[in-house]
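These are the residues of each chain, in order.
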Amino acid sequence: MERSSGILLPLFSLPSPYGIGTMGLAAYDFADLLHAAGQRYWQMLPLGPTSYGDSPYQSFSSYAGNPYLIDLDLLIEDGLLTEQEVRDRNWGEDPRHVDYGKLYENRLDMLKKAADRGCKRDAEAVAAFTEKNASWLPDYALFMALKRHFGMKPWQEWPDEAVRLHEPAALARYRELLREDVELFTYIQFLFFRQWTALKSYINSLGMGIIGDLPIYVAMDSADVWAERSMFRLDSRGVPTEVAGVPPDYFSKDGQLWGNPLYRWHYLRLHGYGFWMDRLRAMAQLYDSVRIDHFIGFANYYSVKAGEKTARNGKWVIGPGKAFFAAVKKKVPELKVVAEDLGAVNDRVRNLLAFCGYPGMKVLQFAYDGGGGDNSHQPQLYQPNCAAYTGTHDNDTSLGWWRACSDQTRRNLREALGEVDDSTVVWRMIKAVFDSRANIAMAPMQDFLGLDSAARMNTPGTVGEKNWRYRALSSDFSAELAARMRALCEESGRV
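Conventions adopted
- Residues numbered from 1 in each chain as written.
- Predicted model: local features only at pLDDT ≥ 70, side-chain atom pairs only at ≥ 80, totals over all residues.
- Heavy atoms only, no water.
- Helix = DSSP H or I, 4+ residues; strand = E, 2+ residues; numbered from the N terminus.
- Rg over C-alpha atoms; globule rule 2.2 N^0.38 Å.
- Buried < 20%, exposed > 50% of the residue type's maximum accessible area, 1.4 Å probe, protein only.
- Areas by Shrake-Rupley, 256 points an atom, 1.4 Å probe, with all protein chains shown as cover.
- Lys, Arg positive; Asp, Glu negative; His and termini not counted.
- Charge placed at Lys NZ, Arg CZ, Asp CG, Glu CD.
- Salt bridge = Lys/Arg side-chain N within 4 Å of Asp/Glu carboxyl O.
- Pairing = 2+ DSSP bridges.
- Axes fitted to C-alpha atoms, helices over the stretch in contact; angles between N-to-C directions.
- Polar contact = N/O pair within 3.5 Å; in protein donor to acceptor, adjacent residues only side chain to side chain.
- Contact = heavy atoms within 4.5 Å.
- Core = buried A, V, L, I, M, F, W, Y, C linked by side-chain atoms within 4.5 Å.
- Arc of directions from axis to C-beta.
- Phe/Tyr/Trp six-rings, centres within 6.5 Å; stacked < 30°, edge-to-face > 60°.
- Parallel < 35°, antiparallel > 145°, perpendicular 65-115°, else oblique.
- Left-handed = near helix turned anticlockwise from the far one by under 90°.

*Asks:* Describe the overall build of the chain, with residues and values.
*Replies:* Looking only at helices and strands, the chain has 19 helices and 12 strands in total. Relative to a compact globule of 495 residues, whose C-alpha radius of gyration would be 23 Å, the chain shows 23 Å and is just as compact. For the C-alpha atoms alone, the extent of the chain along its principal axes is close to 70 × 50 × 40 Å. A buried classification covers 56% of the 495 residues belonging to the chain. Carbon together with sulfur atoms contributes 50% to the accessible area of the chain, which is approximately 20,600 Å² in total. Averaging the coordinates of the 57 positive side-chain charges in the chain and doing the same for the 62 negative ones gives two points 5 Å apart.

*Asks:* Hey, could you go over the pattern of salt bridges for me, with residue numbers and the actual values?
*Replies:* Pairing of side chains with opposite charge becomes possible as their charged atoms draw close. Per the stated rule, a full pass over the model turns up 32 salt bridges. Note that Glu 176 and Arg 179 form a salt bridge whose closest N and O atoms lie 4.0 Å from each other. As a salt-bridge pair, Arg 281 and Asp 278 come within 3.2 Å of each other at their nearest N and O atoms. Residue Arg 281 and its partner Asp 278 are located together in helix 12 (residues 274-286), separated by three residues, close to a single helical turn. Judged by relative accessible area, which is 36%, Asp 278 ranks as partly exposed. Here the residues in one salt-bridge network are Asp 78, Arg 121, Asp 122 and Arg 194, joined through shared partners.

*Asks:* Break down the sheet that holds strand 4 (residues 242-246) for me, with residues and values.
*Replies:* Strand order in the open sheet formed by four strands is 5-4-7-8, with antiparallel pairing between adjacent strands. Each edge of the sheet is formed by a strand with only one pairing partner; in this case those strands are strand 5 (256-261) and strand 8 (315-318). Taking the axes of each pair of neighbouring strands and ignoring which way they run, one obtains an average angle of 45 degrees across the sheet. Looking at chain direction, strand 7 (residues 300-305) and strand 8 are connected through four bridges and run antiparallel. In the sheet register, Asn 300 faces strand 8, and the bridge partner there is Ile 318.

*Asks:* Describe the side chain of Arg 291, with residues and values.
*Replies:* Note that Arg 291 resides in strand 6 (residues 289-292). Within polar-contact distance, the side chain of Arg 291 engages the side chain of Asp 213 at 2.8 Å. With near-sequence residues (within four places) excluded, Arg 291 lies in contact with Gln 43, Tyr 57, Ile 211, Gly 212, Asp 213, Leu 214, Val 338, Glu 340, Met 361 and His 393.

*Asks:* Explain the pairing of strand 10 (residues 360-363) residue by residue, including any values.
*Replies:* Side chains Gly 360 and Lys 362 project from strand 10 onto one buried face, and the interleaved Met 361 and Val 363 project onto a second face that is buried too. Sheet topology places strand 10 next to strand 11 (residues 386-389); four bridges connect them, and they run parallel. Within strand 11, the position partnered with Met 361 by the bridge is Ala 387.

*Asks:* Please provide a residue-by-residue account of the nonpolar core, values included.
*Replies:* Nonpolar side chains in soluble globular proteins generally cluster together in the buried interior. Counting 155 residues, the largest nonpolar core has Leu 11, Trp 196 and Trp 276 as its most contacted members. Sort the elements by how many residues they give to this core and helix 9 (residues 179-205) lands first, with 12 residues. Those residues in contact with Trp 276 that lie beyond four places of it in its chain are Leu 214, Pro 215, Ile 216, Tyr 263, Trp 265, Leu 268, Phe 298 and Phe 324. Counting nine residues, the second-largest nonpolar core is a separate cluster that includes Val 338, Ala 387, Tyr 389 and Ile 440.

*Asks:* Report on the sheet that holds strand 3 (residues 209-214), specifying residues and quantitative values.
*Replies:* Read across the sheet, eight strands follow the order 9-6-3-2-1-12-11-10 without closing on themselves; strand pairing throughout is parallel. Two strands bound the open sheet, and with one partner strand each, they are strand 9 (337-339) and strand 10. Taken over all neighbouring pairs, the strand axes of this sheet differ in orientation by 25 degrees on average, direction set aside. Bridge analysis of strand 6 against strand 9 gives three bridges, and the strand direction is parallel. Pairing of Val 290 across the sheet is with Val 337, part of strand 9.

*Asks:* So, the side chain of Gln 446: which residues are in play, and what are the values?
*Replies:* Among the secondary structure elements, Gln 446 is positioned in helix 18 (residues 445-448). Once residues within four sequence positions are removed from consideration, Gln 446 is found in contact with Leu 8, Leu 9, Thr 397, Leu 451, Ala 455, Met 457 and Tyr 470.

*Asks:* Before we move on, could you go through helix 16 (residues 407-417) and cite the residues and values that matter?
*Replies:* Of all the positions in helix 16, only Thr 409, Leu 413 and Leu 417 are classed as buried. On an axial view of helix 16, the arc spanned by its buried residues comes to 50 degrees, and they lie on one face. For helix 16, the exposed residues lying more than 90 degrees away from the buried face are Asp 407 and Glu 415. Where helix 16 is buried, its residues contact helix 15 (398-404) and helix 17 (425-435). Looking one or two places after helix 16, you find Gly 418, whose phi comes out positive at around 100 degrees.

*Asks:* Which residues make up the environment of Glu 167, and what values do they have?
*Replies:* Looking at the secondary structure, you find Glu 167 in the loop between helix 7 (161-164) and helix 8 (168-177). Each C-alpha atom, one on Glu 167 and one on Leu 257, is 31 Å from the other, the two residues being 90 residues apart in sequence.

*Asks:* Give a detailed account of the packing of aromatic side chains, specifying residues and quantitative values.
*Replies:* What the rule picks out here adds up to 44 aromatic pairs. When the ring of Phe 129 is compared with that of Phe 193, the centres are 5.9 Å apart and the planes differ by 40 degrees; the resulting orientation is tilted. With Phe 129 in helix 5 (residues 123-132) and Phe 193 in helix 9, this pair connects stretches of sequence that are 64 residues apart. For the pair Phe 129 and Phe 193, a shared accessibility class is recorded, and that class is buried. The interplanar angle of 50 degrees and the centroid separation of 6.3 Å between the aromatic rings of Tyr 263 and Phe 275 together place this pair among those described as tilted. One end of the pair, Tyr 263, is in the loop between strand 5 and helix 11 (265-270); the other, Phe 275, is in helix 12, with 12 residues separating them in the sequence. A relative accessible area of 1% places Tyr 263 in the buried class. Residue class for Phe 275 comes out buried when judged on its relative accessible area of 6%.

*Asks:* Tell me what's going on with the packing of helix 6 (residues 137-149) against helix 9, and back it up with residues and numbers.
*Replies:* Interhelical geometry of helix 6 versus helix 9 gives an angle of 125 degrees and a closest axis separation of 8 Å. In terms of their interaxial angle, helix 6 and helix 9 are classed as oblique. Every pair of crossing elements has a handedness; the one defined by helix 6 and helix 9 is right-handed. Across from Leu 137, Tyr 140, Ala 141, Leu 142, Met 144, Ala 145 and Arg 148 in helix 6, the residues of helix 9 making contact are Asp 181, Val 182, Leu 184, Phe 185, Thr 186 and Gln 189.

Below you can see the structure in the form of structure tokens.
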């Protein structure tokens, strides 16, 4: 990637009157703002349908789009909904935060109204869409229909063992029994990808690209695991024997127990990594570049015995390594990658990243906590082939970080960047990243807006009401801010 810059902001964080950011007018307006600001990339978080905890990294599917992100105004324009129907619902009282409870109560019912009017009208287009996505869509639509049928319980708790074990006869029986819901969830995906294709085309027409995000693991309660159990470390009942996480680190003294099932990498290798190649091809079509989350897990991954309460007692296991990425380069050559190589980086990780040639990540908030002058997150040490950030979705905002950091860290940062205070530190941090040698300079939108910890996106290792809820207001995005951002890009040679 050539010298350029971008902004990290999830779609769900955009303004809208319907409780969550969508692929509607606000997304097009934000793309215009980034273009005016001289940015090359809009980086987003995963777009999949979210499950318990509302995390975009725990999705019901590796392929499907989140129904919450479908724009209702566009459906009104398309004749699938009426203004009265949409405005009669309570989408939440706080425009600064997503109210997932209100979305859960109201959004599916609204989309069913759209499907009732559109399924027959769009039958030919939906059939073509279904055929194009035959590798995942039928299983996903049936999976969601079954979840509704069984009270939204995880698939391991479904009372019918035959369908729980994905037996063909049971699948056929339930596909007919739940035909209306299967058609509903199919049509919802048709709507999502129609809106996404239009938005991506517009962003690309401005000369900008989208950096997407691919979680390394898939959720246990997902259509992926239900339909492809042989790919994962599960027992005969479909229960995980080992789960994913990371050991105690910067974010958590007990580590992070993610709970995702681990892959059977030997089995995957014997089958040409087919499951992964399909995922990566889908991501290459969905985005212009892909940030692969937890890249270190391909070099060595952390395994925790199922049933453990924390991640303290896990063990490191050698991952698929170079053989896997050799297959990626051969079978998915169009894939452009940013490798999230943060965490327990060792020589195995560094050697794998060098073999792949992907840009790794640097985070300025990690630069001044100690470790002397050889801390690779310090801007003067960045190599061109990297993507440098002030912080990520897992960090506090830079202002929040500054206010909470130790006196020593503050002294270290001032020594490196000059005298700063609450009013100047964030912009100085952004400028340090943008002035660096990193080919890609990125910052969360919250940092450009100078927001404090109230705008933090996520606190790793926690599940609660504060995560994944931050939203911007339309008034946050001004021509003056765009001009200041563009001036920074021009000064740092990134326009």
